[in-house]
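# Coordinates in review
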Amino acid sequence: MLSHSVWIVGPSRSGKTALLVEQFVRWMQNENNNYESFYTKNFRPKNSDRISKRLYLDQTEAAVLVLAANDDNRRQLADKIMTVTLGKYPVRCKTPLGFFQEEVILFWPLLIQSLKLKAQFPVRLRPETEQELATKLWRPQLDEETLRRAGTNEYRFVRRILDLLQLAAYSGTPTEDIGKILTTALAQQENVISLEPEFLASLLLDWRNWCLERGLLSYGIITELYSQYLLPDPHYQQQLAKRYQGVLADDVQDYPAIAHRLFELLLDGGTVGAFSYNPDGIVRLGLGADPNHMQELAERCQVKTLTASPFNSLADILATPMVELLTEPMTLLSLPEVVQSIQTTSRAQLLRQTAEVIAKAVKQGQVEPDQVAVIAPGLDAIARYTLTEILTKQGIPVESLNDQRPLIASPVIRALLTVLALVYPGLGRLVDRDAVAQMLVVLSRGDRGVGEWESGRVEEGESGRQKNFSFPPSSHIDPVRAGLIADYCFQPHPERPNLLPVTAFDRWDRLGYAATTAYSEILQWLEEQRSQQELRLIPSPISLLDRTIQRFLWDGSNLPYDQLAALRELLETAQHYWEIDARLRQIPHLDRGEDLPQNTIAEFIQLLQRGTITANPYPVHPIGLTTKSISLATIFQYRSSRRSHRWHFWLDVGSPLWAKGGAATLFGAPFFLRERLGEPWTPEDEQLAEEQRLRRILADLLARVSERVYLCHSDLAVNGQEQLGPLLPLVNACVSVVSESAVG
């Protein structure tokens, strides 16, 4: 391979990733030529020699560690390499955390030996399961007084403490040292959680040891095992040097500090590296990234600085005047005509007028839908719904980036959970009449009309109860009939909730043949499942979920992708949940209270009902023909996706959240940056960090837009408060293309 490592630095869209891919191809060609020379000089072209050549090249292809900052970028980088190399060099591209996890699993026997752990295969904990188990473990110590002093509820408190473990692991700090870090960091400032640092550290040590005894691995524990035990191990270091002759890492500004140590070991062992760094593209600072520490790697590489962008962006003409307006608000400066504003008094009108401006431009042919992005510091459900509704009604599709809705928001998921509560005993308190009515509608129609359940129209059933749903008369069981059946045929009971035959309703003849038949089929099927459950013929609740999906939802039809994604996530979550449950049942001394199967099912249903589990309703890569859609995203989502567009609409530009970057900083994140480990975080530090973050956001977004920026501002936020955010001077320095007075 090439003898020198390369550090590629440049702004967004300057060609850093393309140069990395070019570097990869050069490495591969160099290795191939070296082998060809050796092969031609020493061997005849026999079949066996061709086989040995293939084996050699297979080893060479696996000799480059390719990393990307997040999962979306990982797929894109792998696709680019495959396209440029025509698939000649299969690529295994990972995120840093994905690589740590894979290495910990691969070298688990080594960790068992060094840590003297029980010889059992590890099981990874998903974040929602980690949260639940940690809460149970710590609950005896989390009394009302402790939570009152912490100033938050139990859920947020547990999440904060678990985040500390991951931040420490990212920085290469042992769990045992977290207490000391917090003690020094909080010594000269008000402790925002009013609890002793050593108490928090003891909670984390108990949690870490509890998990390791049972072979359970959270993301934080995985990272700590890799950084504290695997990476320093001489045997592992030898294997690492043998396996990888090259390392190629894109966007290292968003990598945790422990990645710096990994790259140092590789370079010390003779591995050649290629790294890209974007000072304006720092997205995950405050979420575990340590860009300044990663930048120290540049001292060991040949630095290539990219300035000119092949992508025509507005950064060159707008970055300087915009920053000047923000730092010197009294400056009498006007922004160029490529920046325009949409100003209203209320946010509701702002959303409507923003959508109308977009729709008008698309219909007049000024811009295609896929050339437009709407970017906001935070996108609430109202904004997503309003923009999507107005634009789709005019035939303009909208793609919401990473719109992770809670699984419980899906009517299909709620119906499946109701089935569990009706079949298994002891779950009657988790089901009510409305849930039964919804289940009847969903199961009687499968994928047809499920979305109409949430149409929002209010109808009144014969019993007088309001139904917040509506279906066309052609439904097998529409919500009105479902409500009547639930009113008269559902018997609530804490142990055995029951559904009665349709004749329990005196006027059942009014339901119609289709609804009566569909209900009878559902009732018969539920009774069969209950009987099989009593005879222990249903292996697990996962089997019941699968049976229900196959019988009522799938039925040979093509489900929309959002429903498929929700069902897939439900089954994966259920599989994971019962896998963890089975592991915990193997520990005889674990106090599980009244250990009944229905308790686990109840906990699973309640976990989903809390809304902590989400599913992406849209695929990362569309299946079939790509839909030309407007992109709707938060600042964090848009910058993480590394996208670019001709037109930008910056929504809620007067919001103070622009200085936060659209993502909340984890509690304690500044304490674990390597350059200031354990140092207090002062208000002056926070102000400076916000100013730097805002400059990076402006530079990054402007580098990703080529023709026009609309600043969309309403005087009042959604809560009625006046918006006086840091970007407000920009609104006053540009021409208003739409205002309330102009429209009215």
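Residues numbered from 1 in each chain as written. Predicted model: local features only at pLDDT ≥ 70, side-chain atom pairs only at ≥ 80, totals over all residues. Heavy atoms only, no water.

## Side note on the overall build of the protein chain
Stated formally: Numbering goes from the N terminus for both helices and strands, where a helix is a DSSP run of H or I of at least four residues and a strand is a run of E of at least two. Burial classes follow relative accessibility: with a 1.4 Å probe on protein chains only, a residue under 20% of its type's maximum area counts as buried, one over 50% as exposed, and anything between as partly exposed. Working rule for contacts: check all heavy atoms of both residues, and any pair within 4.5 Å makes them a contact. Areas reported as accessible are Shrake-Rupley estimates using a 1.4 Å probe. Residue values count occlusion only from the protein chains shown.
When its secondary structure is counted, the protein chain shows 28 helices and 21 strands. The buried share among the 744 residues of the protein chain stands at 52%. Considering only contacts within the protein chain whose residues lie at least 6 apart along the sequence, 78% involve residues at least 24 apart. In the structure as shown, the protein chain presents an accessible area of about 34000 Å², 51% of it carried by carbon and sulfur atoms.

## Re the pattern of salt bridges
For clarity, the cut-off: Throughout this description, the term salt bridge denotes a Lys or Arg side-chain nitrogen within 4 Å of a carboxyl oxygen of Asp or Glu.
One pass over the full model with this rule turns up 36 salt bridges. Here arginine 75 and aspartate 71 are joined by a salt bridge, their closest N and O atoms 3.0 Å apart. Remark: aspartate 71 and arginine 75 occur in helix H3 (residues 71-84); sequence separation between them is 4 residues, near one turn of the helix. On the basis of relative accessibility, which here comes to 35%, the residue aspartate 71 falls in the partly exposed class. Across the pair glutamate 389 and lysine 393 runs a salt bridge, and its minimum N-O distance is 3.4 Å. In this pair, glutamate 389 and lysine 393 both sit in helix H17 (residues 381-393), 4 residues apart, roughly one turn of the helix. Classification of glutamate 389 by relative accessible area gives partly exposed; the value is 27%. A relative accessible area of 66% places lysine 393 in the exposed class. Among the charged side chains, a network of salt bridges with common partners joins Asp71, Asp72, Arg74 and Arg75.

## Regarding the confidence of the model for the protein chain
Any residue range with low pLDDT should be treated as having predicted coordinates unsuitable for detailed reading. We apply this condition: pLDDT expresses how confident the predictor is about each individual residue, on a scale running from 0 to 100.
Per-residue confidence for the protein chain gives a mean pLDDT of 84, with 85% of residues at or over 70. The secondary structure element of the protein chain with the lowest average pLDDT is strand E13 (residues 459-460), at 37, and the one with the highest is helix H14 (residues 291-295), at 97. Confidence drops under pLDDT 50 across residues 35-61; counting only partners more than four residues distant or on other chains, this segment forms 21 contacts. Note that residues 446-475 has pLDDT below 50 and, in this model, 67 contacts with residues that lie over four places away or in other chains.

## Here we look at the nonpolar core
Here is a general trend for soluble globular proteins: nonpolar side chains tend to be buried in one another's company. Note the threshold: Residues enter a nonpolar core if they are buried and are Ala, Val, Leu, Ile, Met, Phe, Trp, Tyr or Cys, with the set joined through side-chain atoms within 4.5 Å.
Ranked by internal contacts, the top residues of the largest apolar core, which has 79 residues, are Phe99, Trp138, Trp207, Leu262 and Phe263. It is helix H8 (residues 154-171) that contributes the most residues to this core, 9 residues altogether. The residues contacting leucine 262, other than those within four sequence positions of it, are Leu65, Phe99, Phe100, Tyr226, Leu231 and Leu240. Val412, Val431, Leu526 and Phe604 belong to the second-largest nonpolar core, a separate cluster that totals 61 residues.

## Topic: the packing of helix H9 (residues 178-186) against helix H10 (residues 197-214)
Quick reminder of the rule: Interaxial angle, 0 to 180 degrees, is taken between N-to-C directions of lines fitted to C-alpha atoms, where a helix line uses only the stretch in contact. If an angle is under 35 degrees, it is roughly parallel; if it is over 145, roughly antiparallel; if it lies from 65 to 115, roughly perpendicular; otherwise it is oblique. Should the near helix be turned counterclockwise from the far one by less than a right angle, the crossing is left-handed, whereas a clockwise turn marks it as right-handed. When residues are grouped by polarity, Ala, Val, Leu, Ile, Met, Phe, Trp, Tyr, Cys and Pro land in nonpolar, Asp, Glu, Lys and Arg in charged, and all others, Gly among them, in polar.
Following both chains from N to C, one finds H9 and H10 inclined at 155°, their axes separated by 8 Å at the closest point. The orientation of H9 with respect to H10, classified from their angle, is roughly antiparallel. The way H9 lies across H10 gives a crossing that is right-handed. Contacts between H9 and H10 involve Ile178, Gly179, Lys180, Leu182, Thr183 and Leu186 from the first element and Pro197, Glu198, Leu200, Ala201 and Leu204 from the second. The class makeup of the residues in the contact of H9 with H10 is 7 nonpolar, 2 polar and 2 charged.

## With respect to the pairing of strand E2 (residues 64-67)
Inclusion rule: In this analysis, strands are considered paired if DSSP registers two or more bridges between them. A right-handed crossover is one whose linking path, passing over the helix from the first strand to the second, runs clockwise when the strands point away from the viewer.
Burial along E2 is two-sided: Val64 and Val66 and Leu65 and Leu67, pointing in opposite directions, are all buried. The pairing of E2 with strand E3 (residues 93-94) spans 2 bridges and is classified as parallel. Residue pairing in the sheet places leucine 67 in a bridge with lysine 94 of E3. Since E2 and E3 lie parallel, the crossover through H3 that links them has a hand, and here it is right-handed.

## Topic: unusual backbone geometry
Even without glycine at this site, arginine 13 takes up a positive phi of about 65°. Following the sequence through the fold, arginine 13 ends up in the loop between strand E1 (6-9) and helix H1 (16-42). Unlike most non-glycine residues, arginine 642 shows phi in positive territory, near 60°.

## What about the packing of aromatic side chains?
Inclusion rule: For Phe, Tyr and Trp, rings pair up if their centres lie within 6.5 Å, where Trp contributes its six-membered ring, and each pair is then called stacked (planes under 30 degrees apart), edge-to-face (over 60) or tilted (otherwise). Look at NZ for Lys and CZ for Arg. If either is within 6 Å of the ring centre and within 35 degrees of the ring normal, a charge sits over the ring.
Within this structure, the stated rule accounts for 21 aromatic pairs. Centre to centre, the rings of tryptophan 650 and tryptophan 658 are 5.6 Å apart; their planes meet at 40°, and the pair counts as tilted. Accessibility assignment for this pair places tryptophan 650 and tryptophan 658 in one class, buried. Taken together through their ring pairs, the aromatic side chains of Phe99, Phe100, Phe107, Tyr226, Tyr236 and Tyr244 make up a single cluster. Stacked on the ring of phenylalanine 667, the Lys or Arg arginine 160 has its end atom at 5.6 Å from the ring centre. Stacked on the ring of phenylalanine 552, the Lys or Arg arginine 551 has its end atom at 4.6 Å from the ring centre.

## As for helix H19 (residues 433-445)
The condition that has to hold: Any helix carries an expected span of 1.5 Å times its number of residues minus one. A 3.5 Å cut-off defines polar contacts: any pair of N or O atoms within that distance qualifies, except that in protein one atom must be a possible hydrogen donor and the other a possible acceptor, and neighbouring residues in sequence count only when both atoms are side-chain atoms.
With 13 residues, H19 should reach 18 Å at 1.5 Å per residue; the first-to-last C-alpha distance of 19 Å fits that figure. Counted residue by residue, H19 has 10 buried out of 13 residues, so it is predominantly covered. Inspection of H19 places Val436, Ala437, Gln438, Met439, Leu440, Val441, Val442, Leu443, Ser444 and Arg445 among the buried residues, and these make up the whole buried set. The N-cap residue of H19 is aspartate 432: its side-chain oxygen and the backbone nitrogen of aspartate 434 are 3.3 Å apart.

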